[in-house]
Amino acid sequence: MQVSVNGRSHEVNVEPDTPLLWVLRDVLGLTGTKYGCGISACGACTVHVNGEPVRSCSMPVAQVEGKRVTTIEGLSRDSSHPLQKAWVAEQVPQCGYCQSGQIMQAAALLAKNPKPSRGEIVRHMNGNICRCGTYNRIIASIQRASREG
Amino acid sequence: MNATVKPGFNPSRRRFLAGAGGLTFCVAIGSDGIHLLSEAQANTASRTMSAWVRIAPDGMVTILSAGAEMGQGSMTSLPLILAEEMDADWSKVAIEWAPADAAVYGYAMNNGRAMAIVGSRAVMLYFNQLRLAGAQVRKVLIANAAEKWGVAPASLRTEPGFVVDPASGQRMSYGEIAGFGAVPAELPAVDKSELKDRRQFRLIGKSVPRRDIPAKVNGTAQYAIDVRLPGMVYATARHSPVHGGAPESWNEDKAKSMRGVIGTVRLPDGVAVIADSLPHAMAARGALEVTWKEGRAEGFDSEKALAETYVQVHADPSAKRRTLDSKGDAQAAFASAAKTYKSEYRSDYGYHAQMEPLNAVARFSAAGDHVEIWEGTQAPDVSRGRIAKALGFKPGQVTLHQCYMGGGFGRRTLGDYASEAALIAREARRPVKLVWTREEDMAHGMFRPQSFQCLEAALDPDGKVTGWTHCVVGDGGVLLATGIKIPYYQVPHQHIEARGVPHGVRLKHWRAVGHVFNVFAIESFVDEMAAAQGMDPVDFRFQRMSISPRARAVFEKAVQMSDWKARRPEGRAVGISISERSGSLGAGVAEISLDRATGRIRVHKAWVAIDGGLVVQPEAARANIESGIVYGLSSVLHERVTLKGGVVEQSNFHDYHVERMADVPEEMHVAFVERDAAPSGLGEIGNPWVAAAVANAFYRLTGKRLRHMPFTPARVLEALQA
Ligand code: FES
Ligand code: FES
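These figures come from a predicted structure and were not determined experimentally.

The rules behind the values
- Residues numbered from 1 in each chain as written.
- Chains lettered and ligands numbered in written order.
- Predicted model: local features only at pLDDT ≥ 70, side-chain atom pairs only at ≥ 80, totals over all residues.
- Heavy atoms only, no water.
- Helix = DSSP H or I, 4+ residues; strand = E, 2+ residues; numbered from the N terminus.
- Rg over C-alpha atoms; globule rule 2.2 N^0.38 Å.
- Lys, Arg positive; Asp, Glu negative; His and termini not counted.
- Charge placed at Lys NZ, Arg CZ, Asp CG, Glu CD.
- Domains from an automatic or database assignment.
- Contact = heavy atoms within 4.5 Å.
- Buried area = accessible area lost by both parts, 1.4 Å probe.
- Salt bridge = Lys/Arg side-chain N within 4 Å of Asp/Glu carboxyl O.
- Polar contact = N/O pair within 3.5 Å; in protein donor to acceptor, adjacent residues only side chain to side chain.
- Nonpolar A, V, L, I, M, F, W, Y, C, P; charged D, E, K, R; others polar.

All right, on to the overall build of chain B then. The helix and strand inventory of chain B stands at 20 helices and 29 strands. In summary, chain B has a C-alpha radius of gyration of 28 Å against a globular reference of 27 Å for 722 residues, a match within 12%. Positive and negative charge centroids in chain B, built from 84 and 77 side chains respectively, lie 1 Å apart.

Bringing the domain arrangement of chain B into the picture now. All names here are of chain B. Examined at the domain level, chain B breaks down into domain 1 (13-201), domain 2 (229-296 + 353-443) and domain 3 (303-349 + 447-721). If you average the C-alpha positions of domain 2 and of domain 3, the two centres end up 37 Å apart. Residue-level contacts link 18 residues of domain 2 with 20 residues of domain 3. With both sides pooled, the region where domain 2 packs onto domain 3 buries about 1600 Å², and carbon together with sulfur makes up 62% of that total. It is His 243, Phe 409 and Met 442 that lose the most area in domain 2 upon contact with domain 3, and together they represent 43% of the buried surface on that side. The partner of Arg 506 in a salt bridge is Asp 416, and the shortest N-O contact between them spans 3.9 Å. If you look at where domain 2 meets domain 3, you find five residue pairs in polar contact (both at pLDDT 80 or more). In terms of residue count, helix H13 (residues 438-443) provides more of the side of domain 2 that touches domain 3 than any other element does, four residues in total.

This next bit is on the interface of chain B and chain A. Taken residue by residue, the interface counts 62 residues in chain B and 51 residues in chain A. Summed over both sides, the interface of chain B with chain A buries roughly 4400 Å², with 56% coming from carbon and sulfur. For the chain B face of the interface with chain A, the top three residues by lost area are Val 217, Met 355 and Met 661 of chain B, together amounting to 20%. Summed over the shared surface of chain B and chain A, the result is seven salt bridges. The interface formed by chain B and chain A includes 36 residue pairs in polar contact (both at pLDDT 80 or more). Mapped onto the side of chain B that touches chain A, the elements with two or more residues apiece are helix H8 (278-287), strand E19 (432-435), H13 and helix H18 (618-637) of chain B. By residue number, the principal contributor to the side of chain B that touches chain A is H18 of chain B, which donates nine residues. For the side of chain B that touches chain A, the class distribution of residues is 30 nonpolar, 14 polar and 18 charged.

Okay, here's the thing in structure tokens:
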């Protein structure tokens with residue numbers, strides 16, 4: 001099966017029902033995308049498929065054939081995405097484990113809505129758990145990235 | 001090391017391993033703490049030493065950090081303390097993890113407990129020793145420059161990264177000195193009086209960016225779950241659903257017939273499945289049918305215990321009890337009281353829910369007599385010992401590679417899952433990555449114990465609180481008792497006790513653990529008395545209780561920050577409370593509203609004033625306290641574990657609810673009360689005050705008391721009807 005991840009095409013030899021998460025992490029070695037719950041309840045595994053945020057733990061790899069998958073590793077080459085810069089400026093991560101998913105979820109928002117309100121941010125981000133409670137810094141970072149682009 | 005270590009992996013130990021030339025200082029780790037030594041001393045000493053600080057001729061200063069980083073920032077703040085006293089140029093300081101690795105570094109693991117970072121206390125434990133060590137390094141640098149210039153060392157000063165001669169204006173960088181200098185066999189002694197005055201601090205008390213953050217915004221920070229080894233296979237496990245049980249038999253043939261499954265392994269209290277991929281292992285886990293031997297927690301019904309058993313134990317005069325604190329004559333105080341009060345409170349079990357499900361990677365040497373483990377652990381020494389024991393190895397046969405932790409909160413101090421990974425890898429004869437599913441992490445969790453509490457107080461004719469008794473009933477020994485003492489109130493006659501009721505449920509430290517429910521009870525009770533006396537809760541504490549000056553100061557600060565007596569918008573109310581943890585004190589105010597139709601409480605604003613002594617990294621500390629507030633709110637409003645028939649009823653984030661973005665206060669204000677004292681722990685002072693502050697605010701809003709934590713919508717609706 002052919003999958004296109006971060007602009008590169010890969011031939012992967014897995015069953016079509018294999019969750020995309022494990023193909024990314026264990027077949028392609030892109031371990032920035034995390035496992036948190038496996039049931040679409042935490043957002044740690046969030047990646048983009050054709051620019052839309054999806055929970056890769058619950059998406060069979062067959063469903064992304066012919067589509068563009070982007071992971072945290074492909075968001076920018078050098079941590080230069082405005083959100084990544086804002087995340088550092090606001091010192092968001094604590095344990096850091098949820099943050100790839102948070103950033104990918106947020107990137108999908110800004111791509112569609114460059115100037116989201118606080119309420120729009122909260123609605124869009126509410127499916128992503130941060131057990132370290134960095135939520136307010138996440139909001140501040142999205143607002144900063146939106147401002148500073 | 002053949003592990004896949006990503007390019008951005010930071011910190012690494014490249015500089016130390018490459019190390020030739022430059023100045024090296026070693027550290028001795030003993031039960032009395034850490035001491036800096038020269039390499040010469042290190043090589044002759046009987047204790048094992050490891051390199052700790054190295055200054056390279058290019059000016060780079062490498063400092064090891066005892067590496068338990070779970071988001072609290074101690075990986076940055078500990079080396080920073082040393083860098084401050086040595087006057088290093090922070091931009092030229094590289095931080096590397098101190099490996100728990102005797103083979104490479106001779107790290108004294110049997111004394112390693114002295115080095116283990118127990119989250120909230122890291123800075124508190126090492127502050128003085130790290131400062132003295134830094135000052136010694138500085139003294140050596142100055143001595144070398146003085147000799148070169150032919151001047152008296154006392155005439156020289158330092159600026160970040162340089163030794164300076166004010167008389168001649170000459171400057172010499174630390175890198176230059178490292179090029180020619182030497183570390184004397186006997187390091188110069190440093191006296192406390194030679195340490196910097198705190199007004200001279202350039203790093204301590206200022207905020208520098210945390211060093212672990214860049215790798216945490218691009219996916220390169222390496223957690224144990226990310227480690228990949230050549231030839232590695234995958235495992236997951238199913239443990240006895242009743243805690244304390246063990247597997248008798250299981251459908252191995254069925255499991256083995258499934259896609260990619262390599263085999264199954266018996267664990268002391270579970271069964272592991274090994275497969276060629278995690279999804280294959282997880283699918284086979286789902287198909288496992290195991291017959292279990294009866295577990296310790298067989299038949300346990302947590303709600304029944306809380307509603308009935310604990311009440312009976314509390315009412316039973318012959319029940320076994322442990323006195324936790326006692327002074328004066330509480331009985332006499334109650335006998336002569338003008339007024340007495342009594343209240344009861346309850347709390348449910350809580351689960352850590354660290355974001356990274358428990359996991360570890362294990363690889364044996366070809367001869368099978370040595371194992372390497374990759375684990376994110378709060379206590380590398382304990383973990384290593386536990387792994388060795390499980391295998392029948394000596395600790396020297398275990399090498400532990402520390403990884404970033406996707407949350408700890410007290411769960412990751414035992415090495416239990418790392419031991420399982422080792423056992424599985426030995427059977428598999430291949431490197432193994434063991435990952436517990438979230439469901440397993442929860443079902444086989446180790447919980448903050450549930451509790452029933454009864455408090456009574458006696459007031460004298462002046463309305464002063466003279467007598468205090470507090471009885472907590474539940475399982476869990478010390479876990480049940482933390483935070484139950486009230487030194488900040490200094491009530492003259494007190495009796496505080498715990499009554500244990502064992503259930504066989506796995507229990508564990510949990511971000512301030514007992515504080516969570518004990519402080520809820522204590523601070524709700526004080527608020528109840530104040531209300532009954534018709535007094536403002538702060539005035540009541542100041543006038544009717546012998547409150548300590550430190551506690552008074554944090555209350556005063558919280559009052560000022562929150563404008564405590566100000567009117568709130570319609571439908572809002574505030575509540576206040578205080579807690580102590582690891583030497584720190586924190587008073588906080590919560591402003592809430594309530595949806596009376598759904599029973600949903602919303603916390604809009606939180607203010608907390610903290611006395612944590614000297615705060616080494618104010619920005620990281622603030623983030624840590626904010627994290628505590630959210631963690632606290634989560635436990636107060638949502639989180640509950642229940643057991644029926646000895647089995648945990650919740651299984652994942654769809655039925656174990658944690659705080660999400662929409663629930664978080666729009667405003668959280670953290671202030672540190674200035675006090676000239678050594679740092680105290682800050683990681684667990686952010687959450688214990690929250691429960692009572694919310695409950696007390698709820699009372700002001702509704703006239704009703706919330707007595708059972710968490711305050712779920714159902715319980716809120718019930719309280720409103722009461
Ligand atoms: S791991 Fe996919 S949503 Fe939690
Ligand atoms: S930073 Fe730890 S879970 Fe979000």
